[in-house]
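Working through the structure, step by step
Chain by chain, the residues run as shown.
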Amino acid sequence: DTTTGTFSGDLTVDTSTLYVDSANNRVGVGTASPTHALTVQYNAGTTTAKFQNTNTSGTGIDSAKVTIESTSRDASLSITAQSSRSSFIDFGDEVSSTRGRILYAHSDDSMQILTANSERMRIDSSGRLLVGTTNTNPSGGNVEGTVIQSDGMLRISREGTSIEANIKGSDGNILVLKKDGGTVGSIGANGGQPYFINSSNKGIRP
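Below or above, wherever it landed, is the structure these notes cover.

Basis of the calculations
Position labels on residues start from 1 in each chain and follow its written sequence. A pLDDT threshold of at least 70 governs which residues receive local features in this predicted model, and a stricter bar of 80 or more applies before side-chain atom pairs are shown or counted, although totals over entire chains, interfaces and linings include all residues. Water and hydrogen atoms play no part in the side-chain values, which are based on all heavy atoms of the structure. Numbering goes from the N terminus for both helices and strands, where a helix is a DSSP run of H or I of at least four residues and a strand is a run of E of at least two. Only protein chains enter the accessibility calculation, which uses a 1.4 Å probe; a residue whose area is less than 20% of its type maximum is buried, one above 50% is exposed, and one in between is partly exposed. Throughout, a residue-residue contact means that at least one pair of heavy atoms, one from each residue, lies within 4.5 Å. Here a Phe, Tyr or Trp ring, Trp counted by its six-membered ring, pairs with any other such ring whose centre lies within 6.5 Å, and the pair is stacked when the planes are under 30 degrees apart, edge-to-face when over 60, and tilted otherwise. The rule is short: NZ of Lys or CZ of Arg within 6 Å of the ring centre and within 35 degrees of the ring normal puts a charge over the ring. The salt bridge criterion pairs a side-chain nitrogen of Lys or Arg with a carboxyl oxygen of Asp or Glu, the two atoms within 4 Å. Pairing between two strands requires that DSSP report at least two bridges joining them. Each axis is a line fitted through C-alpha atoms, taken for helices only over the stretch in contact, and angles between the N-to-C directions span 0 to 180 degrees. Distance and chemistry together define a polar contact, namely a pair of N or O atoms within 3.5 Å, with one atom able to donate a hydrogen and the other to accept it when in protein, and with adjacent residues in sequence counting only for side-chain atoms on both sides.

Description of the overall build of the protein chain
The secondary structure content of the protein chain amounts to one helix and 16 strands. Burial analysis of the protein chain (206 residues in total) assigns 16% to the buried set. A sequence separation of at least 24 residues applies to 2% of the contacts in the protein chain between residues at least 6 apart.

Below you can see the structure in the form of structure tokens.
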């Protein structure tokens, strides 16, 4: 059945299902007290929404799309959770609903990025960037991984070659060493051979 008409007050269609306020500013699905322009609530306090495209014919709209747009102000997406829980976005496919994830753990204030169902990178509460490890000092702990500290220090630990640097084209410096912004030495390549020199152009070179 289809019902049409004009409504001057709040519109409620099955109070547990759909609510539209009288000013036409807020819509509630599963709640009669929407706090935003659209509030979707499931199971007493859990806000959830699903946007799905089941088209497999290759015609028409080819993606499930959610657009947040503002023509004159900032546009934002807010994901809020309890301080002991996490806020996250999952990326899934037909094999797994959590192949990838961007997660913020409120319990320790870390931002984590997962691929292939495993954590690959995180930024901890102090601003350290951890890649391939959850150990803040992989070299000291003798485990594999890379950590860039918030003060700029780099820690690398790996079984085998730890750092590989390549200069393409002409000979020249591969690594420049500086003190207080001034160059004190360099490591480079000349004629297929390495050189190690200081700022006075003295050292070991072919």
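Here's the deal with the packing of aromatic side chains
Aromatic rings considered in pairs are described by the distance between their centres and by the relative angle of their planes. Inspection of every chain in the model, using the stated rule, returns zero aromatic pairs. Its guanidinium or amino end placed over the ring of Phe-88, Arg-101 lies 4.0 Å from that ring's centre, counting from NZ or CZ. The ring of Tyr-195 carries the charged tip of Arg-205 above its face, separated from the ring centre by 5.2 Å.

Description of the pattern of salt bridges
Applying the stated criterion to the full structure yields five salt bridges. The closest approach of N and O atoms between Asp-90 and Arg-101, which form a salt bridge, is 2.5 Å. Residue Asp-90 is located in strand β6 (residues 86-91), and its partner Arg-101 is located in strand β7 (residues 100-105); the two are separated by eleven residues in the primary sequence. Taking the relative accessible area as the measure of exposure, Asp-90 reaches 30% and is therefore partly exposed.

Here's the deal with the pairing of strand β13 (residues 172-179)
With seven bridges connecting them, β13 and strand β14 (residues 182-190) associate as antiparallel partners. Paired with Asn-173 across the strands is Gly-188, a residue of β14. Joining the antiparallel neighbours β13 and β14 is a turn of two residues, in which Asp-180 adopts a positive phi near 55°.

Some remarks on the sheet that holds β13
Spatially, the four strands line up as an open sheet ordered β13-β14-β15-β16, and their pairing is antiparallel. Of all strands in the sheet, those bounded by a partner on one side alone are β13 and β16 (203-204).

Quick word on the sheet that holds strand β8 (residues 110-115)
Overall, antiparallel pairing links the seven strands, which are arranged β6-β7-β8-β9-β10-β11-β12 in an open sheet. Looking along the sheet, the strands with just one partner apiece sit at the ends: β6 and β12 (154-157). Ignoring which end each strand starts from, the neighbouring axes of this sheet average 15° apart. Judged from the six bridges that link them, β7 and β8 form a sheet pairing that is antiparallel. Bridge assignment links Ala-105 to a residue of β8, and that residue is Ser-110.

Here we look at the environment of Gln-112
Topologically, Gln-112 is positioned in strand β8. The buried category is assigned to Gln-112, whose relative accessible area is 11%. In sequence terms Gln-112 and Leu-130 are 18 residues apart; their C-alpha atoms lie 9.3 Å from each other. Sequence-distant contacts of Gln-112, defined by excluding residues within four places in its chain, comprise Arg-101, Ile-102, Leu-103, Ala-105, Glu-119, Met-121 and Arg-122. At 3.0 Å, the side chain of Gln-112 and the side chain of Ser-110 are in polar contact.

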